[in-house]
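Listed below, chain by chain, are the residues.
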Amino acid sequence: MIIRSGVTALMAIAALAALTAPAPAEEAPGTLLRVDAGRDGTLSAADDAGRATWTSGRGAIMLPNLDDDTSRCPATGSSGARLTDAALAACHDAADAVVNGAADLADLAPMRLLPVPGTTDSARATLTPDPRSRDKVRVFIERDGRYVALGADGAVRPGELRDGAKFAVEARDIVRDPAVWAGFSDLTLTVTDQGKISTDRVRLKVAPVLFQHDLLPLRRAVVADPAQPASLEGGEAPGEPSPGAAEYRRDLRRGLDAEGLNRPFVESPAGGDQWMGDMFKAGYASMPGPGGREHRITVNLRSPAIMPDSTDRDRPLRDASRPVFTMMRGKDVAGIQEFDATRIDRPDDNLYYGSASSSGNFGTIPPHGKYPTGRIVYGGSGKFSPDSDFTRMLAAQGRQDPIAVDTSWLGVGHLDEFLHFVPAKNGRGWAAVVADPRMGMDLLEKLAAGGGGGQRLVEGVDPQKTDDPNITVAEALRKPELQEGVRLASQGIDGALRRLREQAGITEQDIIRIPALFKKLDIPADYPRENLVATYLPNAANGISTGTGGYLAPAQHSPRTGGKDLFELTTERALAQAGVRVRWIEDWEYSHNVGTVGGDIHCVTNVQRDLSGTAPWWKPA
């Protein structure tokens, strides 16, 4: 309940990035709190609904202050000891009651209290959050030229009421479980003076964490450190580099340079685990800044994948994802993790289904319709689903409405094995790149019909490094594992596209189909999943949009036609119709032919993107 009595001249101007800036209105009697439209000092009257509730048309925003602007957070414990996963995640700017420099102050939501003449020395005032958000926000006040945290009682001094005061507010976390905290904080100013009590309230909302999307220009590629230390915080590098690493890095460098993206790679220590695309998902959070411009921090979401053989309760997550905190977190860059820790007690679940939680299984449909920042899509069905705590957190952000599609038919089970998005010269401004197994088989059939059945199916690779050395196109067409793999993959992709059509309106006009070839996997009889597939040739849909009109894709090594790689030629023609250039990257030894199912470019490459083109999430679509 908002109580108004006694003090009518008291006005607190919360420059908390309100979303609209109507013309100033006359102050209503007893109104204590008014919300500003940005950081330029323009005032707007806040009606009761605008102050006591939060809407997309009027409200105040605070950032989750989880970056490390002064790089004070340690990567290791004392004497180089390895920190626990929880300890790594616990250190950030909001973990202490200090404003950590000018960059940290820029991440806080500013608030001013206008001078209140006539306040007596006996006046008592407090500015406090509601009980539910008390441990989720922190309020600072400027005293003696620097910002200090208000005490637990939120006491504001009588002189600060008379002279006016400046405040700054930070959110100490994101929304993780709405049942625990829905992201709102009601700041209540209570003034007691000369026997009269006046209170008023403003509601703030923590900015959501949003996934970046593939239309944003790529800044830098994140790749596994070629030294590959045996442990991430110390230890020695293995004696031999990963096979194919040099060729992969060479072609990736050439492809980025050709797109004018010349910044050096981010070398992430991997401990022999090169699957960078599965370590974290890049996101961001933003609020209006000076002049109403979007002020952003990058937020890297650590993969919630618990390793199948993990017995370490202190460090159950993938070791090679620790650099989200130990290396990448810094000025305007935050890291977060969210996972169900009880999964370590379910080894069968982790062994058979844990792959669904890798970040390669998450993507973002680019901005469209009522989703100006895009919409999350991930793979999962039944038991083969990502960590439920993690997906609950994604849904709780409230802006990118996640869609789940069935990927349980894939051996690894990752969305990036058949779907990516690129900028395109069409009505939407983007297109979905989709692997098409039927197209791949049709190309081989036409090649055989034209006399090319005797060609090798896999070209440009040492036959001993293939599944079926020297297999011909004609033999491949008769191979049951390929016939059944194409059928199962086509069925699975068709189902995923139906889901995307129903949930996101993606039609055939929004799709660029490119050839692929899948094989059915030979799996043990007691394995809890069946009818699984993996790509036989490198999968061009498992690529990376540069956001500049380029597309990085794995070299196909398919049969030749007219002296050119058949799958590469077909892919180039399909993408060229949307104005997209293809840059081919050699990855056969480094990723494609590794282990039982392998992976391709998107699996071993993560990216940092330029966020200057994001759409403010608080503005109507």
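Definitions and cut-offs
Along each chain, the written sequence defines residue order, and numbers are assigned to residues from 1. Where totals are concerned, whole chains, interfaces and linings use all residues; where local detail is concerned, this predicted model gives features only for residues with pLDDT of at least 70, and gives and counts side-chain atom pairs only at 80 or more. The basis for every side-chain value is the complete set of heavy atoms in the structure, and neither hydrogens nor water enter the calculation. Only C-alpha atoms enter the line fits that serve as axes; for helices the fit covers just the stretch in contact. Angles between N-to-C directions range over 0 to 180 degrees. Under the DSSP-based scheme used, a helix requires at least four consecutive residues in state H or I and a strand at least two consecutive residues in state E, with every element numbered from the N terminus. Here, residues are in contact when the closest pair of their heavy atoms is within 4.5 Å. Classification used: nonpolar for Ala, Val, Leu, Ile, Met, Phe, Trp, Tyr, Cys and Pro, charged for Asp, Glu, Lys and Arg, polar for all others including Gly. Centre distance within 6.5 Å is the pairing criterion for rings of Phe, Tyr and Trp, where only the six-membered ring of Trp is used; planes under 30 degrees apart are then read as stacked, over 60 as edge-to-face, and the remainder as tilted. We call a residue buried when its accessible area falls under 20% of the maximum for its residue type, exposed when it is over 50%, and partly exposed in between, using a 1.4 Å probe and counting protein chains only. Consider the ring centre and the ring normal. A charge sits over the ring if Lys NZ or Arg CZ is within 6 Å of that centre and within 35 degrees of that normal. Pairing between strands requires that DSSP locate at least two bridges from one strand to the other. In plain words, nonpolar cores are sets of buried Ala, Val, Leu, Ile, Met, Phe, Trp, Tyr and Cys residues tied together by side-chain atoms within 4.5 Å. A pocket here means an open set of points on a 1 Å grid, computed over the protein atoms alone, that has protein on both sides within 12 Å along at least five of seven lines. A cavity is instead a set of points where a 1.4 Å probe fits but cannot get out; residues with an atom within 4 Å of a point line either one. Grid points are joined across faces, edges and corners, and a volume is the space filled by probe spheres set on the points. The disulfide criterion is simple: two cysteine sulfur atoms within 2.5 Å. Each polar contact in these results corresponds to two N or O atoms within 3.5 Å; when the atoms are within protein, one needs to be able to donate a hydrogen and the other to accept it, and residues that are neighboring in sequence are counted only if both atoms are side-chain atoms. Every residue carries a pLDDT, the predictor's confidence in it, which falls somewhere between 0 and 100. By definition here, a salt bridge exists when the distance from a side-chain nitrogen of Lys or Arg to a carboxyl oxygen of Asp or Glu is within 4 Å.

J.: Could you give an account of the packing of helix 9 (residues 437-452) against helix 11 (residues 480-504), naming the residues involved and the relevant values?
T.: Where helix 9 contacts helix 11, the axes come no closer than 8 Å and their chain directions differ by 145°. In contact with P437, R438 and M441 of helix 9, helix 11 contributes L482, Q483, V486, A489, S490, I493 and D494. Split into classes, the residues belonging to the contact of helix 9 with helix 11 amount to 6 nonpolar, 2 polar and 2 charged.

J.: I'd like a description of the packing of aromatic side chains, backed by residues and values.
T.: Each aromatic ring pair is specified by the distance between its two centres and by the angle formed by the two planes. For the structure shown, the criterion picks out 7 aromatic pairs. With 5.3 Å between their ring centres and 75° between their planes, F362 and F390 make a pair best called edge-to-face. Of this pair, F362 sits in strand 18 (residues 362-365) while F390 sits in helix 8 (residues 388-396), and the two are 28 residues apart along the sequence. Relative accessible area serves as the criterion here: at 3%, F390 is assigned to the buried category. Looking at R203, its charged tip hangs above the ring of F184, at a distance of 5.2 Å from the centre.

J.: Describe in detail the pairing of strand 4 (residues 109-113), supporting the description with residues and values.
T.: Because side chains alternate across strand 4, one face comprises the buried residues A109, M111 and L113, and the other comprises P110 and R112, none of which is buried. Relative to strand 9 (residues 165-171), strand 4 runs antiparallel, the two being bridged by 5 bridges. When the sheet's bridge partners are listed, P110 is paired in strand 9 with A168.

J.: I'd like a rundown of the nonpolar core, residues and numbers included.
T.: For soluble globular proteins, nonpolar side chains are generally found buried alongside one another. If you look at the biggest cluster of nonpolar residues, it comprises 42 residues, and the most contacted ones within it are I365, F418, L419, L500, I506, I512 and L575. At the level of secondary structure, the elements contributing two or more residues to this core comprise strand 20 (403-405), strand 21 (419-423), strand 22 (430-436), helix 11, strand 23 (511-515), strand 27 (550-554), helix 12 (566-576) and strand 30 (581-585). Broken down by element, this core gets its largest block of residues, 7 residues, from helix 11. Ignoring anything within four residues of it in the chain, the contact list for L500 reads I365, V377, V405, L419, G505 and I506. One finds Y248, M279, I585 and C603 within the second-largest nonpolar core, a separate group that totals 33 residues.

J.: Describe empty space enclosed by the protein, listing the residues and the values that go with them.
T.: For the coordinates displayed, the defined rule picks out 5 cavities of 30 Å³ or more. Of the pockets and cavities examined, the largest cavity occupies roughly 290 Å³. If you go around the largest cavity, you meet 24 residues; those closest to its centre are D214, K281, F362, H420 and H602. Every element with two or more residues in the lining of the largest cavity is listed here: strand 15 (280-288), strand 18, strand 21 and strand 31 (606-609). Of the residues that constitute the lining of the largest cavity, the class distribution is 9 nonpolar, 11 polar and 4 charged.

J.: Summarise the state of the cysteines; cite the residues concerned and give the values.
T.: Disulfides are covalent bonds that connect the sulfur atoms of two cysteines. Summed over the entire model, instances satisfying the criterion amount to 1 disulfide. Put simply, C73 and C91 are joined by a disulfide, and their sulfur atoms are 2.2 Å apart. What sets the handedness of the C73 and C91 disulfide is the S-S torsion sign, and at about -85° it is left-handed. With C73 in the loop between strand 3 (60-62) and helix 2 (85-90) and C91 in the loop between helix 2 and helix 3 (101-106), the pair connects residues that are 18 residues apart, well separated along the chain. Taken individually, C73 and C91 each receive the classification buried, so the pair is uniform in this respect.

J.: Provide a residue-level description of helix 12, including the pertinent values.
T.: Among the residues of helix 12, those classed as buried are L566, F567, E568, L569, T571, A574 and L575. The N-terminus of helix 12 is capped by D565, whose side-chain oxygen sits 3.1 Å from the backbone nitrogen of F567.

J.: With reference to specific residues and values, describe the sheet that holds strand 15.
T.: Read across the sheet, 4 strands follow the order 12-15-16-17 without closing on themselves; strand pairing throughout is mixed. Of all the strands in the sheet, just strand 12 (210-211) and strand 17 (333-336) have a single pairing partner and so form its edges. Relative to strand 16 (residues 294-302), strand 15 is paired through 9 bridges, and the arrangement is antiparallel. By the bridge assignment, K281 is partnered in strand 16 with L301.

J.: Describe in detail the confidence of the model for the protein chain, supporting the description with residues and values.
T.: With 88% of its residues at a pLDDT of 70 or more, the protein chain has an overall mean of 88. Scored below 50 in pLDDT, residues 1-51 makes 143 contacts in the model with residues more than four places away or belonging to other chains.

J.: Would you mind going over the pattern of salt bridges in detail, with residue names and values included?
T.: This structure, assessed with the given rule, holds 38 salt bridges. A salt bridge links R250 to D251, with the nearest nitrogen and oxygen atoms 2.8 Å apart. Using a relative accessible area of 37% as the deciding quantity, one classes R250 as partly exposed. Here R513 makes a salt bridge to D436, at a shortest N to O gap of 3.4 Å. Pair noted here: R513 is in strand 23 and D436 is in strand 22, with a separation of 77 residues, a long-range link. Overlapping salt bridges bring together K136, D173, R176 and E338 as one network.

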